[in-house]
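Residue-level structural notes
Each chain, written out:
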Amino acid sequence: MKKTIAFCFAVLATILWTGSATAEHKATLKLASALAMDHPYMVGAQRFADLIKERTKGNITVKLYPSGQLGKGEREMTEGIQQGAIDLLVSSTGPLGGFSPSINILDFPFLFRDFRHVDLVLDGAIGQRLLGDFEKANIKGLAFWENGFRHLTNSRRPVKSVEDGKGLKIRTMENKVHLAAWKAAGFNPTPMAWGEVFTALQQRVIDGQENPIAVLYSNKLWDAGQLHFSFTAHVYSPAPLLMSKKTFDTLPAPERQLFLKTGSEVAKFQRKINRDEEEAKLAEAAKRGVKVTRDVDRDGFRRAMAAVYGEFGGQFSRAEIDAIINAK
Ligand code: EAX
């Protein structure tokens, strides 16, 4: 009799423990980015946070920390992800090569033809492999969100051709391929964390920078004198949603799947709003005095920057690079 009662207690305890461990996994997680709440990074992050709260019945809260509140640049915040000080981060791939070298393949100039090409590669086997590679750096890559095609802005003069831009002091991300590409084109590039860029532009320490339209708009770079916009589209900038592996591993299995599923679901929403809003944002910049040069000699920039494939292509096989370029 005694054995039966003891067995029943053991079964009951197990049910209570496992049931409570899954149903009651409560947590408040920190999601950071370098950009403001009106930028598609954080519009996506808000949607992600809302869905996680709803789908965990309020047990998991994702608190948002925009505008570099948790670090002056994306490299520093990625270190926070590795240490577990930050739980989630939306970051451009630019500075991430120092954590997961394979991601550098996405930052070559003129690698992607258009948004359709981007989605084909990032949502396919190549993209999934690159996200998986982050695990070696104690980072869980959840999904590819979007920064967008990058364009040149400057405070000095209209730039239509490589010649027009020669000698301009421009900020690049902390990415050796970008630095080398602009040097090869005859510009005077300097790497800088995003949190320092607006002041450096305002003080004319640098003449220009390069970023997608949403970054120009969200940061009102025209207020820092960036009144010349050149539609170069020289690099496509993915923005992985990254999670601290430490935090990810504390989640029960159902929640881990939920974070992966929700991250991918929001990727489609976030990329769409980023793309849909570009023209209106560029029109607003033009109203604020930005002179937009659309007929840029992109082939001239492509030829001038092609040298980086020789200089850095060795880090990857030609087949790897061709697999992206030729994806149809
Ligand atoms: O991720 O540093 C950069 O230029 C990034 O594109 C920007 O912070 C958005």
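Residues numbered from 1 in each chain as written. Predicted model: local features only at pLDDT ≥ 70, side-chain atom pairs only at ≥ 80, totals over all residues. Heavy atoms only, no water.

In this section: the overall build of the protein chain. When helices and strands are counted, the protein chain shows 15 helices and nine strands. Judged by the C-alpha coordinates and their principal axes, the protein chain covers about 90 × 45 × 30 Å. Taken across its 328 residues, the protein chain has 54% of its residues classed as buried. Long-range contacts, defined here as pairs at least 24 residues apart, represent 75% of the contacts in the protein chain between residues at least 6 apart. A total accessible area of about 14,000 Å² is found for the protein chain, and carbon and sulfur atoms account for 57% of it. Computed over 45 positive and 36 negative side-chain charges, the separation of the two mean positions in the protein chain equals 3 Å. (Helix = DSSP H or I, 4+ residues; strand = E, 2+ residues; numbered from the N terminus. Buried < 20%, exposed > 50% of the residue type's maximum accessible area, 1.4 Å probe, protein only. Contact = heavy atoms within 4.5 Å. Areas by Shrake-Rupley, 256 points an atom, 1.4 Å probe, with all protein chains shown as cover. Lys, Arg positive; Asp, Glu negative; His and termini not counted. Charge placed at Lys NZ, Arg CZ, Asp CG, Glu CD.)

Within the fold, Gln203 resides in the loop between α8 (197–202) and β7 (208–211). Residue Gln203 is classed as exposed on the basis of its relative accessible area of 57%. Here the alpha-carbon distance between Gln203 and Gly225, two residues 22 residues apart in the chain, equals 9.4 Å.

Moving on to the confidence of the model for the protein chain. For the protein chain, per-residue confidence averages 94 on the pLDDT scale, and residues scoring 70 or more make up 93% of the total. Here residues 17–22 is modelled with pLDDT under 50, and outside its nearest four sequence neighbours on either side it reaches eight contacts, counting other chains as well. (pLDDT = per-residue confidence, 0-100.)

With that settled, consider the packing of aromatic side chains. Across all of its chains, the model carries 12 aromatic pairs by this definition. Ring centres 5.2 Å apart and planes at 70 degrees place the aromatic pair Phe149 and Tyr236 in the edge-to-face group. Highlighted residues: Phe149 in strand β4 (residues 139–154) and Tyr236 in strand β8 (residues 228–244), separated in sequence by 87 residues. Judged by relative accessible area, Phe149 falls into the buried class, the value being 10%. Residue Tyr236 is classed as buried on the basis of its relative accessible area, which comes to 2%. (Phe/Tyr/Trp six-rings, centres within 6.5 Å; stacked < 30°, edge-to-face > 60°.)

Bringing helix α7 (residues 176–184) into the picture now. All of the buried residues in α7 are Val177, His178, Leu179, Ala180, Ala181 and Trp182. With a side-chain oxygen lying 2.8 Å from the backbone nitrogen of Val177, the N-terminal cap of α7 falls on Asn175. (Polar contact = N/O pair within 3.5 Å; in protein donor to acceptor, adjacent residues only side chain to side chain.)

Positive phi values are uncommon outside glycine, yet Phe110 reaches one of about 50 degrees. The buried category is assigned to Phe110, whose relative accessible area is 11%. Within the chain, Lys220 stands out as a residue other than glycine whose phi angle is a positive 45 degrees. Following the sequence through the fold, Lys220 ends up in the loop between α9 (213–218) and β8.

Moving on to the site of the ligand. All residues in the neighbourhood of the ligand are listed as Leu35, Tyr41, Glu74, Ser92, Asn147, Arg150, Arg171, Met173, Trp194 and Asn211. For the ligand, an oxygen atom lies 2.8 Å from a polar atom in the side chain of Asn147. One nitrogen or oxygen atom from the side chain of Arg150 is found 2.9 Å from an oxygen atom belonging to the ligand. Classifying every residue of the shell around the ligand by side-chain character gives four nonpolar, three polar and three charged. (Near = heavy atom within 4 Å. Nonpolar A, V, L, I, M, F, W, Y, C, P; charged D, E, K, R; others polar.)

The subject of this paragraph is the nonpolar core. By size, the foremost hydrophobic cluster in this structure holds 95 residues, and its most contacted members are Leu31, Phe48, Leu88 and Phe259. Non-local contacts of Phe48, meaning those with residues more than four positions away in its chain, are made with Leu31, Val62, Leu88, Leu142, Trp145, Leu241, Phe259, Thr262, Gly263 and Val266. (Core = buried A, V, L, I, M, F, W, Y, C linked by side-chain atoms within 4.5 Å.)

Looking now at the pattern of salt bridges. All chains considered together, the criterion is met by 26 salt bridges. Lys245 is paired through a salt bridge with Glu135; the nearest N and O atoms lie 3.9 Å apart. Of this pair, Lys245 sits in helix α10 (residues 245–250) while Glu135 is found in the loop between α5 (125–133) and β4, placing the two residues 110 residues apart along the sequence. For Lys245, a relative accessible area of 15% gives the class buried. (Salt bridge = Lys/Arg side-chain N within 4 Å of Asp/Glu carboxyl O.)

Along the chain, Gln69 turns up in the loop between β2 (60–65) and α3 (74–83). Judged by relative accessible area, Gln69 falls into the exposed class, the value being 52%. Remark: the alpha-carbon pair of Gln69 and Ser33, spanning 36 residues in sequence, is separated by 8.0 Å.

Our focus in this paragraph is the pairing of β8. Of all 17 residues making up β8, 16 are buried, and the element is well covered by its neighbours. In terms of strand pairing, strand β3 (residues 88–90) meets β8 through three bridges, oriented antiparallel. Bridge pairing links Val90 to Leu241 in β8. Note that β4 and β8 share 13 bridges and pair antiparallel. Along β8, the bridge assignment pairs Gly148 with Ser237. Pairing between β8 and strand β9 (residues 291–293): three bridges, direction parallel. Across the sheet, Phe229 pairs through a bridge with Val292, a residue of β9. (Pairing = 2+ DSSP bridges.)

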